[in-house]
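These are the residues of each chain, in order.
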Amino acid sequence: MVKMGKDYYSVLGIQKGASDDEIKKAYRKQALRYHPDKNKSPDAEDKFKEIAEAYDVLSDPKKKDIYDRFGEEGLKGSMPGGGGGGGGGMGPNFSYTFQGDPHAMFSEFFGGRSAFDVLFGRNGGMEDMDTDDPFAGFAGMGGIPGMSFGGGRMGGGMPGGMPGGCGGLGGMPGGGRMMPKKKDPPVVHELRVSLEEVMTGCLKKMKISRKRLNADGRSTRSEDKILEVDIKRGWKEGTKITFPGEGDETPTNIPADIVFVVKDKPHSVFRRDGSDVIYPAKISLREALCGCTVSVPTLSGRSVSVAMQDVVRPGMKRRLTGEGLPLPKRPERRGDLVVEFDVRFPDRLSQSARDTIAQVLPAS
C-alpha cells in the first residue's frame, strides 16, 4: 500500500478526482483565506505556502498523475527503488520539490494584481463565501444573466451558461477576474541643446530613476539608468526620441515610454529659424546712410565681412548661403546665415546737425 504523505486534496478542501475548475476554485478560496497579509494567525505563512504547493502539484497534469498513483513520497522521489517499481513513466530520477514563490503565484493567478488590491480592494474580502459561482466574489457580477465581462458574455445563473467555466475570459486562471495591464502614458522630458550641438551633433547622457519589479512580482525597487541620446546634426526643435518601456514598473501596469523632446537653448548671439540662423547686426543711422562693413560671426567660429554700399533700411536682410545649420534630412547641406540689420537712430540732434541733414537729404 502506497503511503500518501501530505494530502494535497485535503489542503485545498476538495476530494480526489476533482476537476481542474474545482481545483482552481479551491485554490482561490484557500489562498484568499490564508494570505498572510490578511490572515494574522502565526501559521498563516506556512499554510499559504502549503496551499501554493498543493495547487502547483494538482494543477499540473504530470505531477498530479504521479501524486494520485504514488502519493507525496513517490512525487518527491523518496520511495524505495526510486519510486517502488512499476512507476509507469515516473522514472527512477523523478524528484519534485516545490521551489516556487507562493506570493508570485498568487499575483499571477489574479491577473497580475497586487495582493493589496485583491485582498482589500473593491472585490476583496469574499474568501469565506461558499458558492459554486467562481465569479461570486466580484462585487455582485456573478449570477447576472448576460453581464458583459472581460470582452465575453456571462451566463451566470443560467444552466450551462458557462461551458468550461471561463467562456470568453481568455487567459483568466481560476475564476479570478483578469485585470488587463494598461500602459502608462508617456513621460515627456525636454532635452535642451545648443545651436553648436545641433551644428556638429553630440551624444547626450540622461540619468533617470524608475521603479522596477523584484523577482517576487509584487515589490519594487528604485533603479537608476543612463539613457543615451544621439543628437543628429541639424535636428529641429520638437524632434522626439522615445525609449520604450523605461518608465516605472508595478505589478499592475505596463511601463511608460520615456520621451525626450529637443528644445533649443537660447543663444547669446543668434536665433534659429529652421535650418537658417539669424544674426541681428546693429548699425548706426550714419552707417545705414553712408555705407558700412559689418563683421558677422558664424557658428563654425569664423567671421565673414559684409560690405553694404547702398542705403540700409531698418529690417533689411543679407543672406550668406551655406553658413547656417545642417539640413535634418541632408546634413551634408546647410541652411543660410541671415544678417538682419537693426538701424539705431539717435535720441537727439543738435540744431546745426538738423540744418545740415535738411540741406543734404531730399525733401521727398
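Quick summary incoming for the structure in this document. Per-chain numbering applies: the sequence of each chain, read as written, is numbered from 1 onward. Owing to the predicted nature of the model, reporting of local features is limited to residues with pLDDT of at least 70; listing and counting of side-chain atom pairs is limited to 80 or more, with chain, interface and lining totals taken over all residues. Values shown for side chains rest on all heavy atoms present in the structure; no hydrogens or waters enter the calculation.

**Overview of the pairing of strand β5 (residues 202-213)**
Operational definition: For two strands to be treated as a pair, DSSP must find at least two bridges joining them. Here a strand is any run of E in DSSP of at least two residues, a helix any run of H or I of at least four, and the numbering for each starts at the N terminus.
When β5 meets strand β6 (residues 220-231), the two strands line up antiparallel, connected through 12 bridges. Bridge pairing links Ile208 to Lys225 in β6. Hairpin connection of β5 to β6: six residues between the antiparallel strands, including Gly217 at a positive phi of 75°.

**A look at helix α4 (residues 61-75)**
An α-helical turn contains 3.6 residues, so any two residues separated by three or four positions project in the same direction. Short version of the rule: Every helix has an expected span of 1.5 Å times one less than the residues it contains. Think of it this way: the bend at a residue is just the angle between two axes, each fitted to seven residues, one set ending at that residue and the other starting at it. Three labels apply to residues, based on accessible area from a 1.4 Å probe with only protein chains included: buried if under 20% of the type maximum, exposed if over 50%, partly exposed otherwise in between. Polar contact criterion, stated in full: a pair of N or O atoms within 3.5 Å, where within protein one must be able to donate a hydrogen and the other to accept it, and residues adjacent in sequence count only if both atoms are side-chain atoms.
Over its 15 residues, α4 extends only 13 Å from the first C-alpha to the last, a length that falls short of the 21 Å expected when each residue adds 1.5 Å. At Arg69, α4 is deflected by roughly 100°, the largest bend along its length. The complete set of buried residues in α4 reads Lys63, Lys64, Ile66, Tyr67, Asp68, Phe70, Gly71, Glu72, Gly74 and Leu75. For α4, the side-chain oxygen to backbone nitrogen distance between the N-cap and Lys62 is 3.1 Å, and the N-cap itself is Asp60.

**Focus on the packing of helix α3 (residues 44-58) against α4**
Inclusion rule: Only the stretch in contact is used when fitting a helix axis, every axis being a line fitted to C-alpha atoms; angles between N-to-C directions are given from 0 to 180 degrees. Any angle that falls under 35 degrees is termed roughly parallel, while one over 145 is termed roughly antiparallel, one within 65 to 115 roughly perpendicular, and all others oblique. What makes two residues a contact is simply this: any of their non-hydrogen atoms within 4.5 Å. As a working rule, the residues Ala, Val, Leu, Ile, Met, Phe, Trp, Tyr, Cys and Pro are called nonpolar, Asp, Glu, Lys and Arg charged, and the rest polar, with Gly in that last group.
Relative to each other, α3 and α4 sit at 130°, their axes nearing to 9 Å. When the axes of α3 and α4 are compared, the pair comes out oblique. For the pair α3 and α4, the contacting residues are Asp56, Val57 and Leu58 in the first and Lys63, Lys64, Tyr67 and Leu75 in the second. Its residues assigned to classes, the contact of α3 with α4 shows four nonpolar, no polar and three charged.

**Brief notes about the packing of aromatic side chains**
Cut-off, in case you're wondering: Whether two aromatic rings pair depends on their centres lying within 6.5 Å, for rings of Phe, Tyr and Trp, where Trp uses its six-membered ring; planes under 30 degrees apart make the pair stacked, over 60 edge-to-face, and the rest tilted. Any Lys NZ or Arg CZ found within 6 Å of a ring centre and within 35 degrees of that ring's normal is scored as a charge over the ring.
Overall, the coordinates contain 10 aromatic pairs when judged by the stated rule. Centroid distance Tyr27 to Phe109: 4.9 Å. Interplanar angle 70°. Geometry classified as edge-to-face. Of this pair, Tyr27 sits in helix α2 (residues 20-34) while Phe109 sits in helix α6 (residues 102-109); the two residues are 82 residues apart in sequence, bridging distant segments of the chain. For the pair shown, Tyr27 and Phe109 are each scored as buried. Between Phe109 and Phe110 the ring centres are 5.1 Å apart and the planes differ by 70°, which places this aromatic pair in the edge-to-face class. The residues Phe109 and Phe110 share a single accessibility class, namely buried. An aromatic cluster of three or more residues is present, and its members are Tyr27, Phe48, Tyr55, Phe106, Phe109 and Phe110. Lying across the ring of Tyr34, Lys47 places its NZ or CZ 5.5 Å from the centre.

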